[in-house]
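Structure at a glance
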Amino acid sequence: DEDDEDEDDDLLSRSNPMGELPDLLLDIIRDEALNAKLKNNKGVQTAAYDAYLRVCYADGRFDEVSDAFSRMISEKVPRTVHTYNSLLISFEASCKWREAENAMNLMKKETPEIFPDALTFDALIDVCEEMGQWDRATQYLEDAQNKYGYLGCEDELGVLDLHRVRSAGTAQCVLRWWLRRMRQRALAPMDIQSAGKGTRTLLTGTSKETLPISIRDLPDEISVVTGWGKHSTVYGRSPVKTRVLATMKALNSPFTVPEKNIGSVVAERGAVRSWLVKEELLSLGRFLLGNRDALKRNFNPMSGPRKVTDEDVLSEATTSKPQ
């Protein structure tokens, strides 16, 4: 019987990992006597609410996060970037992209007091990407890069480094953005050859280093660094890497995982150029045959020849024999 009670306790702790902490924080927030003392100290009230929001998120009590945020608005408790991030990651976990977008719009109204950070954009991009809002996700990615300096994952050589990306959806969005840049570079030599004589002469006399990355030729080897994930429990596996592999496989790309560096995917320049140019021509053909969306060619998960899920990649990795 004691063993049964221990099992029940273990089950309860797993389903309620924060224990009584959220309720204790809520009692503090609602304590009228304490609030009266802190009436002129909004900073302490904000800190208490931020702690409550974060533990509710960790406990899976996403609706309570939204309710507490609404109380902060009605009671005029100042918000912080941590307040909004807790709200956004709760909407992310609940797959509510519209609510996440509304939260971001509210946050923008509080500028310059509050500025979004990398987590803000990661959560927003992830939920939009995972819910099929690919154009929205891409727009938020470009805002993060151009306006705030976050998620700039490409280096001068064209290597895509996803080490700092926390979520699979955001990694997928960055990957799609990068593939479009790679396609532009793959087509650049053709564009130069078809350009006027003056343009060809000007570009021929320019060193590669001074050319914009967007029109430089592709490097000899092209790679995406996925990492293994700081919290991965299985060697060589992470949500980001799994999603990158699934996306690349769905798009019939030539990228593979090298034996000596399983935290990346690589491909040779010739194979990548052939693949990207071929897909460009196929998209043009689909457009001419009546598919008006074909020219968007944004490498979204539905644009590939077949659907490959994260589970497909994990299943393949589990059943394959180690070298």
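I will try to describe carefully the structure that is included in this document. Being a predicted model, the structure only gives us computed values, none of them experimental.

**Quick look at the overall build of the protein**
Helix and strand counts for the protein come out as 14 helices and 3 strands. Counting across all 323 residues of the protein, residues that qualify as buried make up 41%. In the protein, 66% of the contacts between residues at least 6 apart in sequence involve partners at least 24 apart. On the protein, roughly 18500 Å² of surface is accessible, and the fraction owed to carbon and sulfur atoms is 53%.

**Regarding the packing of aromatic side chains**
The relative placement of two aromatic rings is captured by the distance of their centres and the angle of their planes. Summed over all chains, the structure comprises 7 aromatic pairs. For the ring pair Phe121 and Tyr150, a centre distance of 6.5 Å and an interplane angle of 45° mean the geometry is tilted. With Phe121 in helix H8 (residues 118–130) and Tyr150 in the loop between helix H9 (134–148) and strand E1 (160–161), the pair connects residues that are 29 residues apart, well separated along the chain. Their ring planes at 50° and their centres at 6.3 Å tell us that Trp275 and Phe299 sit as a pair that is tilted. With Trp275 in helix H13 (residues 269–288) and Phe299 in the loop between H13 and helix H14 (310–319), the pair connects residues that are 24 residues apart, well separated along the chain. Overall, the relative accessible area of 7% leaves Trp275 in the buried class.

**As for the packing of helix H6 (residues 81–93) against H8**
Two elements in contact, H6 and H8, have axes separated by 9 Å at closest approach and are oriented at 20°. The pairing of H6 with H8 is recorded here as roughly parallel in orientation. Viewed along their axes, H6 and H8 form a crossing whose handedness is left-handed. From H6, Val81, Asn85, Leu88, Ile89, Phe91 and Glu92 reach across to H8, where they touch Leu119, Thr120, Asp122, Ala123, Leu124, Asp126 and Val127.

**Quick word on the packing of H6 against helix H7 (residues 97–109)**
Between H6 and H7, the least distance of the axes is 9 Å, while the angle of their chain directions is 165°. Relative to H7, the element H6 is oriented roughly antiparallel. Where H6 crosses over H7, the two elements pack in a sense that is left-handed. Contact residues: Val81, Tyr84, Leu87, Leu88 and Phe91 in H6; Glu99, Ala100, Ala103, Leu106 and Met107 in H7. Residue composition of the contact of H6 with H7, grouped by class: 9 nonpolar, no polar and 1 charged.

**What to know about the pattern of salt bridges**
Overall, the coordinates contain 12 salt bridges when judged by the stated rule. Lys96 serves as the salt-bridge partner of Asp63, at 3.9 Å between the closest nitrogen and oxygen. Within this pair, whereas Asp63 is found in helix H5 (residues 62–74), its partner Lys96 is found in the loop between H6 and H7, the two being separated by 33 residues in sequence. Accessibility expressed as a relative area gives 30% for Lys96, which makes it partly exposed. Residue Asp122 is joined to Arg166 by a salt bridge in which the shortest nitrogen-to-oxygen separation is 3.4 Å. Separated by 44 residues along the polypeptide, Asp122 in helix H8 and Arg166 in the loop between E1 and helix H10 (168–194) bring together distant segments of the chain. Residue classification places Arg166 among the partly exposed residues on the basis of a relative accessible area of 39%. The network of salt bridges with shared partners includes Asp59, Arg61 and Glu64.

Thresholds applied
- Residues numbered from 1 in each chain as written.
- Predicted model: local features only at pLDDT ≥ 70, side-chain atom pairs only at ≥ 80, totals over all residues.
- Heavy atoms only, no water.
- Helix = DSSP H or I, 4+ residues; strand = E, 2+ residues; numbered from the N terminus.
- Buried < 20%, exposed > 50% of the residue type's maximum accessible area, 1.4 Å probe, protein only.
- Contact = heavy atoms within 4.5 Å.
- Areas by Shrake-Rupley, 256 points an atom, 1.4 Å probe, with all protein chains shown as cover.
- Phe/Tyr/Trp six-rings, centres within 6.5 Å; stacked < 30°, edge-to-face > 60°.
- Axes fitted to C-alpha atoms, helices over the stretch in contact; angles between N-to-C directions.
- Parallel < 35°, antiparallel > 145°, perpendicular 65-115°, else oblique.
- Left-handed = near helix turned anticlockwise from the far one by under 90°.
- Nonpolar A, V, L, I, M, F, W, Y, C, P; charged D, E, K, R; others polar.
- Salt bridge = Lys/Arg side-chain N within 4 Å of Asp/Glu carboxyl O.

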